[in-house]
Amino acid sequence: MIRRSLACMLTLGLVACATQPQTPSPSPQASGVPVTPAAGNKGPAEAAPEAAGANAAPVDLTPVPFEVARANFVRDTAARYGIPAAHIEATLAQAQIRDPIIAAMSRPAERVKPWNEYRPMFISQARIEGGRKFLAQHRDELMRVQQRTGVPAEVIVAIIGVETSYGGNTGNYRVLDALYTLAFKYPRSGDPAKLEREVRRELFFRDELARLFALTRDEKLDITAIKGSYAGAMGMGQFMPSSYLDYAVDGNGDGRRDLFNSYDDVFSSIANYFVKKGGWVRGGPVAVPATLQVGREPFNPTEWAPTWSLSELAQRGYQPSVPVAAGLSATPITLEGSTGKQYWLGFQNYYAITRYNLSKMYAMAVYQLSQAIAGQELPPA
């Protein structure tokens, strides 16, 4: 899940006086970690640092020896979270650098698939039917969360379906190994133009490793036993440690936030993430199909927040294809479909889904899967 800026104090050993890198937002797809449908990758989870914006603090690119970086991490994490340095040292002594993780992170980015190729990776008849079965099995818990938060049950189910095939694939790497590897051995391409991003990503994962120590202490988890994705995402909803700490909820009132075994906690936490991180609007629309006036160029804003009024979008040639309540604002969406461009208008709740994973197509896939689970007919891809 999730994308946060690193705190200035968090040098955690990469540089002597590190300034803080920005982490990306959603899970992003600006994230750099490719989304593998239901392979346990991403979500508030695999969010890695976004491309640094104009306001991002500079970061020192000077190489630091592994032993120095590791020692600084132990010192800083102990001070930051009040965890004995000896405990951190003993735990890191059990961590392993995993070459398969380095290889996975080193893979060249695949070409960006058009929507008509992307959607089938996430939406299939089997996944729709699996989602309906999952919803039926957990209807009572899901409806309680829907009533409390306003996040529809089918949206929560769709997230779990896309992230982990309804809990069937939550990852097989020890989270300690995954974060240790990426915190201290994040792969370098050798391309000077990519170095800053690579350093920022390493800092991101180092911060997540530090937060893993705090998380496992607070939630009484065995740091050497919990498993997740190769980027350190955990549980049915694939939360990174920072998202777990900030957004996980004790849904069943047992005094713990258990995103591994408690459906109440998982459902409540995903909904809480949408509400607190994404600004989910109870009863609000997610997205509607639209038309673009012939001869007008598609408008593709770099910011995805729904900041354009319907009248402003109409001036750019956009009209919703179904009735929309007055006073709403939206963002235009262009998808490359099998028969040409598709146009949509995304509202605040669409934006909320992009906070889970920074990808417009990911958000649309989750939305359309949720609608199919709820019994609606899928629009053409």
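In case you missed it, the structure is sitting above this.
Source: prediction; values computed, not measured.

Conventions used here
- Residues numbered from 1 in each chain as written.
- Predicted model: local features only at pLDDT ≥ 70, side-chain atom pairs only at ≥ 80, totals over all residues.
- Heavy atoms only, no water.
- Buried < 20%, exposed > 50% of the residue type's maximum accessible area, 1.4 Å probe, protein only.
- Helix = DSSP H or I, 4+ residues; strand = E, 2+ residues; numbered from the N terminus.
- Pairing = 2+ DSSP bridges.
- Polar contact = N/O pair within 3.5 Å; in protein donor to acceptor, adjacent residues only side chain to side chain.
- Contact = heavy atoms within 4.5 Å.

Peer 1: What is the right way to read the pairing of strand β7 (residues 340-346) from this model?
Peer 2: Consecutive residues of a regular strand have side chains that alternate between opposite faces of the sheet. Most of β7 sits out of view: five of its seven residues are buried. When strand β3 (residues 287-292) meets β7, the two strands line up antiparallel, connected through four bridges. Bridged to Ala287 within β7 is Gly346. Sheet topology note: the strand β6 (residues 329-337)/β7 ladder contains seven bridges and is antiparallel. In the strand pairing of β7, Gly337 is matched with Gly340. Here β6 hands over to β7 after two residues, the two strands then running antiparallel side by side.

Peer 1: Teacher, can you tell me more about the side chain of Thr149 here?
Peer 2: With respect to the helices, strands and loops of the structure, Thr149 is situated in helix α6 (residues 139-149). Here Thr149 falls in the buried class, since its relative accessible area comes to 18%. A polar contact is formed between the side chain of Thr149 and the backbone oxygen of Val145, at a distance of 2.8 Å. Within polar-contact distance, the side chain of Thr149 engages the backbone nitrogen of Val151 at 3.2 Å. For Thr149, the residues in contact, after removing those within four places along its chain, are Ala271, Val275 and Arg282.

Peer 1: Teacher, can you tell me more about the sheet that holds β6 here?
Peer 2: If you trace the five strands from one edge of the open sheet to the other, you get β4-β6-β7-β3-β5, paired in antiparallel fashion. Each of the sheet's edge strands pairs with one partner strand only, and the pair in question is β4 (308-309) and β5 (318-320).

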